[in-house]
Amino acid sequence: MLMLRFASSPTGDMYINDLRIALLNYIVSKQKNEDLIVRIDDMDKENNIEGKDQETLDILGLFGIEYTQVIYQSQNIRFYSAIALQLLHEKKAFSCFCSDEWLQKKRKEAQEANKPYQYDDACRNLPPELVIDNTAPFTVRIVRPDKLGFSSDTVDSFVIMTQDKTPTPNFACAVDDMLNDISMIIRNEKYLNNTSKQIHVRNQLRYDKEIEYAHLSSIENEVSVKQLLEEGYLPEAISNYLISIGTNPPKEIFTLDEAIQWFNLENISKSPAHFNMDMLQDINKKHLKNLDATELSRYVGFADAEIGELARLYIEEVATTKELKEKIAPIFAQRNISDEFTEQTVFMAQTIKNAPYFEEYDEFKNYIMKETELKENDFSKLFRILLTNAEQGPDIAEVYKYLKNYMKEIIK
RNA sequence: GGCCCCGUCGUCUAGCGGUUAGGAUCCAUGGUUUUCAUCCAUGUUACAGGAGUUCAAUUCUCCUCGGGGUCACCA
């Protein structure tokens, strides 16, 4: 069974670049009708953060990204060791005793000479007796490609097993992609240079199945997914925005399922994009409008379709669920009316309390205006303050429609 | 510095030899609205620069400039 994979290291929050990669992998997996697996690159024990793996999986779930299994690299160590050993046996890898200081010096020299650094193969042909007698810590390096072979310019004899005998990320990744029968890899452009190294590893293992690669340029000024979620952006809006970047969608607002219908990885722009909050806000607002009333009400802390309809009126003024919540909350909160209006509002509140129930706003308005002897403009202004606890807002007649049943409880 | 990717409004993009260079978003103005907002209308803003090929270049080629990535026992 061929499949696609999304790799994530549990060393920090998930950023929108990662999410975009996950989304596109998911879309392509659906289009190709292949499975998507999630791989947790947790070999770097120093930097792993407890719980980040689960956080990543939760986010994928929240965004509707389905996967068939989760693989932890830390549970595959025996494969990496066995394969490294095999390469050693076949003389396709060698032990390297070069000290860290010495390598760093070499690297620095290369940098100062404005040359790309490559390992000089100092340990490649050590006599066996020197190897066996050497008690110094060593790494395992794979033998570089032949001079005539492909990418011999860019691929040196790089480390595949570190001194503490854990695989390097490049090596582990190459092995995993082979073992999992990965057909296509969609990843960030920053891994582009690793590709030839990973292919080299597989070549040395006589794995000649070709894996298709697609590298995406990064989004600049990126933010964490968690942060966007906390600010009140809808998952469907975030994915809508991320899928739009670098492409020309047939319509502005769409769902993940719709994107699967038309998305074409080949049309995606290769130039780096800038994260644009304005655009996300606009998309979020439009998705907010598509929510049904009960869902909407949940986002503002209720579970009531009528409150949902009320909230819908306020979407015009906000971009996120957080802002929406901030608009709705005062309506049900303690009134705090400025002195300038106190006297009039107290009287109006009194009048409303004693008024009969009116289905229609106009009838209600006429009744109260008559009782209080207020002009229309003054009435509207005062009633708005009284009912919504704000001086500005949506059409008060519309607000009345959804609040008339709660009105006498709200206005105390 | 070597290598790789890229260059159209501020941003995301359409364009694939002849266009008044289009759309979206943002911004500005006007209209609707008892208010803010919405909505509608209108408007400002772009082919990085220079050579070449061609009757004709945003489009093809080269150079320059600019942006991004990479050059670890990191991910």
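Residues numbered from 1 in each chain as written. Chains lettered and ligands numbered in written order. Predicted model: local features only at pLDDT ≥ 70, side-chain atom pairs only at ≥ 80, totals over all residues. Heavy atoms only, no water.

1. Topic: the sheet that holds strand 5 (residues 139-142)
With antiparallel pairing, the three strands of this open sheet are ordered in space as 4-5-6. One side of each edge strand has no neighbouring strand; the edge strands of this open sheet are strand 4 (93-96) and strand 6 (159-161). Across the sheet, the mean angle separating the axes of adjacent strands is 45° when strand polarity is ignored. Alignment of strand 4 against strand 5, held across four bridges, turns out to be antiparallel. Bridge pairing links Ser95 to Val140 in strand 5. Packing against the sheet, helix 3 (residues 77-89) makes contact with strand 4, strand 5 and strand 6, and its axis sits at approximately 125° to strand 6. (Pairing = 2+ DSSP bridges. Helix = DSSP H or I, 4+ residues; strand = E, 2+ residues; numbered from the N terminus. Axes fitted to C-alpha atoms, helices over the stretch in contact; angles between N-to-C directions. Contact = heavy atoms within 4.5 Å.)

2. Re unusual backbone geometry
When glycine is set aside, most residues are seen to have a negative phi, and most peptide bonds are trans. The phi dihedral of Asp181 is positive, around 60°, even though this residue is not glycine. Even without being a glycine, Asn221 presents a positive backbone phi close to 45°. Looking at the element boundaries, Asn221 is found in the loop between strand 9 (219-220) and helix 8 (225-230).

3. Quick notes on the protein's contact with RNA strand B
Around RNA strand B, the structure places 49 residues, and the nearest of them are Ser9, Asp44, Asn194, Gly246 and Glu316. Each atom of RNA strand B within 4 Å of the protein was assigned to sugar, phosphate or base; sugar and phosphate come to 67%. In this structure, a base nitrogen belonging to RNA strand B sits 2.6 Å away from a main-chain N or O atom of Gly393. Elements with a minimum of two residues in the surface near RNA strand B: helix 4 (100-112), strand 5, helix 6 (169-179), helix 7 (192-204), strand 10 (273-274), helix 11 (277-290) and helix 17 (376-388). (Near = heavy atom within 4 Å. Polar contact = N/O pair within 3.5 Å; in protein donor to acceptor, adjacent residues only side chain to side chain.)

4. Points about the domain arrangement of chain A
For chain A, the domain assignment lists domain 1 (3-72 + 171-220), domain 2 (79-169), domain 3 (291-328) and domain 4 (339-410). Put simply, the middle of domain 2 and the middle of domain 4, counted by C-alpha atoms, are 80 Å apart. (Domains from an automatic or database assignment.)

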